[in-house]
Amino acid sequence: MHMKTLPIDAHLPVPHLEHGHELPKTLTGIRGLDEITRGGLPKGRPTLVCGGPGSGKTLLALTFLVNGATRFDEPGVLMTFEENAEEMASDVASLGFNLPQLIDARQLAVDYVRVERSEIEETGEYDLEGLFVRLDYAIQSVRAKRVVLDTIESLFAGLKDDGILRAELRRLFRWLKDKGVTAVVTGERGEGLLTKQGLEEYVSDAVILLDHRVHDQVSTRRLRVVKYRGSHHGTNEYPFLISTEGISVLPVSSLALQHEAPLDRVSSGIARLDEMLSGKGYFRGSTILVSGTAGTGKTSLAAHFIDAACRRGERCLCFLFEESPQQLLRNMRSIGVDLQPWVASGVLQFHADRPSRYGLETHLATMHQVVAEFKPTVTVIDPVTNLMTVGTFIDVQAMLTRMIDHLKTENITAMLTSLAPGPTEIERTETTISSLMDTWIVLVNDGVNNHHRRGLYVLKSRGMAHSNQLREFALTDRGLDILDAVSGLQKGRDRHAGL
Amino acid sequence: MTAKQRNGVRAALDRAARSSKTDRYVLRLYVTGMTPRSVRAVANLQEICTEYLDGRYDLEVIDIYQQPDRAKGEQVIAAPTLIKKLPLPMRRIIGDMSDRGRVLLGLDLARDSDQTGGGRR
């Protein structure tokens, strides 16, 4: 099987702060989006955000407004054509957005525009100056720098004269530019068009497309910057997450090529394994894959790594997708690794979840969140393969790439265990993620001569002269004990490696 | 629709038609300054009011440039907008009122069929 590689934005020019010719930008405060757009939305210009129902466009627009008001000292105006302000306020309250409070503090003005076609009789020439007056009034009332129009296309359902409407929308977007406000205009995805009414024709500065797909009952949201005049931007589809913390975009980021490559090393917690890794253990900030079939000792290897990290006083975060923390603590005590004191002292935290409980995006959002809160320097995911059952191959690969990329950016040393379904599959199944790994340790069982023996070898470890030997080990009540090389197992290793 | 329902609707329409000959009209005309379109709307509306509603209407003309808050309060988006607040049902008549037939329709002063031929009496 060939290695699958991800479309990583390696072709993108690396961001330079001295991009003098780029237009001024306004930060959205949305994690990831500001990275993809290299600084946010075009300042003083309208951006079109389009997508189907439930794609998150209103939420994105509101987050842009609320962040503006609360973090960037830029008050905003929400002109909504969809729901009334109270409904919307309660909808976003779950994300911690307190719209009434922002309105009271004069950081936000909301105008709900209701157009009821059945009430209206059109009797000759008109314009939409009423809308302009209201918007202007709202902008002045809070000295707004940001404006959201959600979803202005609803006007087409309320008024009969398309010609007037189109001319007035054109005028409105020009007017917004003249006002110098940074605007987000949402639009419903149309058949063969980005928006039903072709708004993209009027809003030409930047266009963001949101997409919400469901595969095997697992939902994936994606965001793509379709157009951004006068600016570099990432062109891929990026996973777009909605969680209790709000929304975020996970960029693969060309940063992948700019990670710091620290030279300091961290112990694996097993002296003889450190020896195999050119005598010093793993590189700090690297990603380690530990794979093997069931019962080969993957979690034990991880437990040693956790224990060593905690002994060094590092904060360690452990995601469990199979066992409960209690099970793991008990099992590891049986091999002489007692992690309980580290939990008690607060340097070790477990986060256990059933993979099937949520879609992939929610898992990754949660993981991002927990990492951001706990601020670990070491993270273990055990086993990462369970997480891989909740999405399609490509989605999982994309999501994990982003997760690992994030951990690297934060200089977090990460160990992922991977359960291989059978002995012959060991080096095959992990091709999904192996290219992202710096170090890959394979654990094997060998049942020859009625004697169950365990072995491990370092399949790869970037940037160091590592051992190529298969070493037998035993799980004793004093921990994982690596013995001297055994020829019988060496043969087994050759078989696994396809030699 | 059953025959009974149909009769009910007809009776209601007849009542509305009778009351529109006697009820007091409360009208608000929202305009944007003294633009030619605003002036035209005011003139057209006054002509209709004099002809159909003589002595039984209150017309207030509001310049939303002067009172922008009222545009929000009354859900005005188009200019000019005439709002018939009374008699119910409330209606919004937008445009410069040059299509007299549609204005009369909006004011419940004409039925749909009257409109053909300009809607004039």
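Before going further, it helps to examine the pattern of salt bridges. For the structure on display, the rule yields 34 salt bridges over all chains. Close ionic contact of B:Arg100 with B:Glu47 constitutes a salt bridge, the shortest N to O distance being 3.0 Å. Placement of B:Arg100 in helix α4 (residues 100-106) and of B:Glu47 in helix α2 (residues 36-52) is noted, with a sequence separation of 53 residues between them. Taking the shortest distance from any N to any O, the salt bridge between B:Glu51 and B:Arg100 comes out at 3.0 Å. With B:Glu51 in helix α2 and B:Arg100 in helix α4, this pair connects stretches of sequence that are 49 residues apart. Assessed through its relative accessible area of 33%, B:Glu51 is described here as partly exposed. Via salt bridges that share partners, A:Glu125, A:Asp127, B:Arg37, B:Arg40 and B:Asp96 belong to a single interconnected network.

This next bit is on the packing of helix α5 (residues 129-142) of chain A against helix α7 (residues 162-179) of chain A. Residue and element names in this part refer to chain A. Their axes nearest at 11 Å, the elements α5 and α7 cross at an angle of 20°. In terms of orientation, α5 and α7 fall into the roughly parallel class. Of the two elements, α5 crosses α7, and the hand of that crossing is right-handed. Of the residues in α7, those in contact with Glu-129, Phe-132, Leu-135, Asp-136 and Ile-139 of α5 are Glu-168, Arg-171, Leu-172, Trp-175, Leu-176 and Lys-179. Class assignment of the residues belonging to the contact of α5 with α7 gives a composition of six nonpolar, no polar and five charged.

This part covers the nonpolar core. All names here are of chain A. Counting residues in hydrophobic clusters, the biggest one holds 42 residues, and the most contacted among them are Leu-128, Leu-135 and Leu-149. Of all the elements, α7 adds the most residues to this core, at seven residues. With near-sequence residues (within four places) excluded, Leu-135 lies in contact with Val-77, Met-79, Val-147, Leu-149, Leu-172, Trp-175 and Leu-176. Ranked by size, the runner-up nonpolar core spans 40 residues in total, among them Leu-273, Met-276, Ala-309 and Ile-335.

All names here are of chain B. Of all residues in chain B, 83% have pLDDT values of 70 or greater, and the mean over the chain is 83. Put simply, helix α1 (residues 3-19) is where chain B has its lowest mean pLDDT, 69, and strand β1 (residues 25-31) is where it has its highest, 94. Confidence drops under pLDDT 50 across residues 114-121; counting only partners more than four residues distant or on other chains, this segment forms 14 contacts.

In this section: helix α2 (residues 57-71) of chain A. Given 3.6 residues per turn, any residue in an α-helix points the same way as the ones three and four places further on. All names here are of chain A. With 15 residues, α2 ought to run about 21 Å at 1.5 Å a step, and its terminal C-alpha atoms sit 20 Å apart, in line with that. The element α2 is extensively covered by neighbouring structure, given that twelve of its 15 residues are classed as buried. Among all positions in α2, only Lys-57, Leu-59, Leu-60, Ala-61, Leu-62, Thr-63, Phe-64, Leu-65, Val-66, Asn-67, Gly-68 and Ala-69 are buried. After α2 finishes, the residue Asp-73 shows a positive phi value of roughly 55°.

Another point: the packing of aromatic side chains. Residue and element names in this part refer to chain A. One pass over the full model with this rule turns up three aromatic pairs over all chains. Residues Phe-132 and Trp-175 carry aromatic rings whose centres are separated by 5.6 Å and whose planes lie at 75° to one another, so their mutual orientation is edge-to-face. With Phe-132 in helix α5 and Trp-175 in helix α7, this residue pair connects regions lying 43 residues apart in the sequence. In this structure Phe-132 comes out as buried when scored by relative accessible area, which is 4%. The cationic tip of Arg-171 hangs over the ring face of Phe-132; the distance from NZ or CZ to the ring centre is 4.0 Å.

Between chain B and chain A, the residue contacts involve 29 residues of the former and 26 residues of the latter. With both chains or domains summed, chain B and chain A bury close to 2,400 Å², and 51% of this area falls on carbon and sulfur atoms. In terms of surface lost to chain A, no three residues of chain B exceed B:Gln75, B:Ile77 and B:Ile94, which account for 30% of the buried area on that side. In this structure, the connection of chain B to chain A is made through six salt bridges. For B:Arg92, the salt bridge is made with A:Glu119, and the minimal N-O distance between the two is 3.1 Å. Across the side of chain B that touches chain A, the residue classes break down as 15 nonpolar, five polar and nine charged.

Right, let's get into the sheet that holds strand β6 (residues 120-122) of chain A. Through backbone hydrogen bonds, the strands of a sheet pair up, either in parallel or in antiparallel fashion. Pairing is mixed across the open sheet formed by five strands, whose spatial order is β6(A)-β4(B)-β3(B)-β1(B)-β2(B). Bordering the open sheet on either side are β6 of chain A together with β2 (57-63) of chain B, each of which pairs with just one other strand. Across this sheet, the average inter-strand angle for adjacent strands is 20°, counted without regard to direction. Contacting β1, β2 and β3 (81-86) of chain B, α2(B) runs over the sheet at an angle of about 165° to β1(B).

To continue, consider unusual backbone geometry. For the bond running from A:Asp382 to A:Pro383, omega is -15°, close enough to zero to count as cis. You can see A:Pro383 is positioned in the loop between β18 (378-382) and α13 (384-387). B:Leu86 connects to B:Pro87 through a cis peptide bond whose omega is -5°. Turning to its location among the elements, B:Pro87 is positioned in the loop between β3 and β4 (91-94). Non-glycine residue A:Arg38 carries a positive phi angle of around 55°. As for its position among the elements, A:Arg38 is in the loop between α1 (33-36) and β2 (41-42). Given a relative accessible area of 18%, A:Arg38 falls into the buried group. The phi torsion at A:Asn411 lies on the positive side, around 60°, for a residue other than glycine. By secondary structure assignment, the location of A:Asn411 is in the loop between α14 (393-409) and β19 (413-419).

Okay, the confidence of the model for chain A next. Residues and elements named next belong to chain A. Confidence in the prediction for chain A averages 82 pLDDT; 83% of positions are at 70 or higher. The low-confidence segment residues 1-19 (pLDDT under 50) makes 33 contacts with residues lying over four places distant or belonging to another chain. In this model, residues 252-256 is a region of pLDDT below 50 whose contacts with residues beyond four sequence positions or in other chains number twelve contacts.

Residue and element names in this part refer to chain A. Turning to its location among the elements, Ser-94 is positioned in the loop between α3 (85-93) and α4 (99-104). With a relative accessible area of 55%, Ser-94 lands in the exposed category. Here the alpha-carbon distance between Ser-94 and Gly-246, two residues 152 residues apart in the chain, equals 9.0 Å.

Residue and element names in this part refer to chain A. Secondary-structure assignment places Glu-314 in the loop between α9 (298-311) and β16 (316-320). Taking relative accessible area as the criterion, Glu-314 reaches 9% and is therefore assigned buried. Within the structure, the side chain of Glu-314 is placed 2.8 Å from the side chain of Arg-312, a separation counted as a polar contact. With sequence-adjacent residues up to four places away left out, Glu-314 is seen in contact with Val-266, Arg-284, Ala-309, Val-347, Thr-377 and Val-378.

What counts, and at which threshold
Residues numbered from 1 in each chain as written. Chains lettered and ligands numbered in written order. Predicted model: local features only at pLDDT ≥ 70, side-chain atom pairs only at ≥ 80, totals over all residues. Heavy atoms only, no water. Salt bridge = Lys/Arg side-chain N within 4 Å of Asp/Glu carboxyl O. Helix = DSSP H or I, 4+ residues; strand = E, 2+ residues; numbered from the N terminus. Buried < 20%, exposed > 50% of the residue type's maximum accessible area, 1.4 Å probe, protein only. Axes fitted to C-alpha atoms, helices over the stretch in contact; angles between N-to-C directions. Parallel < 35°, antiparallel > 145°, perpendicular 65-115°, else oblique. Left-handed = near helix turned anticlockwise from the far one by under 90°. Contact = heavy atoms within 4.5 Å. Nonpolar A, V, L, I, M, F, W, Y, C, P; charged D, E, K, R; others polar. Core = buried A, V, L, I, M, F, W, Y, C linked by side-chain atoms within 4.5 Å. pLDDT = per-residue confidence, 0-100. Expected span 1.5 Å × (residues − 1). Phe/Tyr/Trp six-rings, centres within 6.5 Å; stacked < 30°, edge-to-face > 60°. Lys NZ or Arg CZ within 6 Å of the ring centre and 35° of its normal. Buried area = accessible area lost by both parts, 1.4 Å probe. Pairing = 2+ DSSP bridges. Polar contact = N/O pair within 3.5 Å; in protein donor to acceptor, adjacent residues only side chain to side chain.

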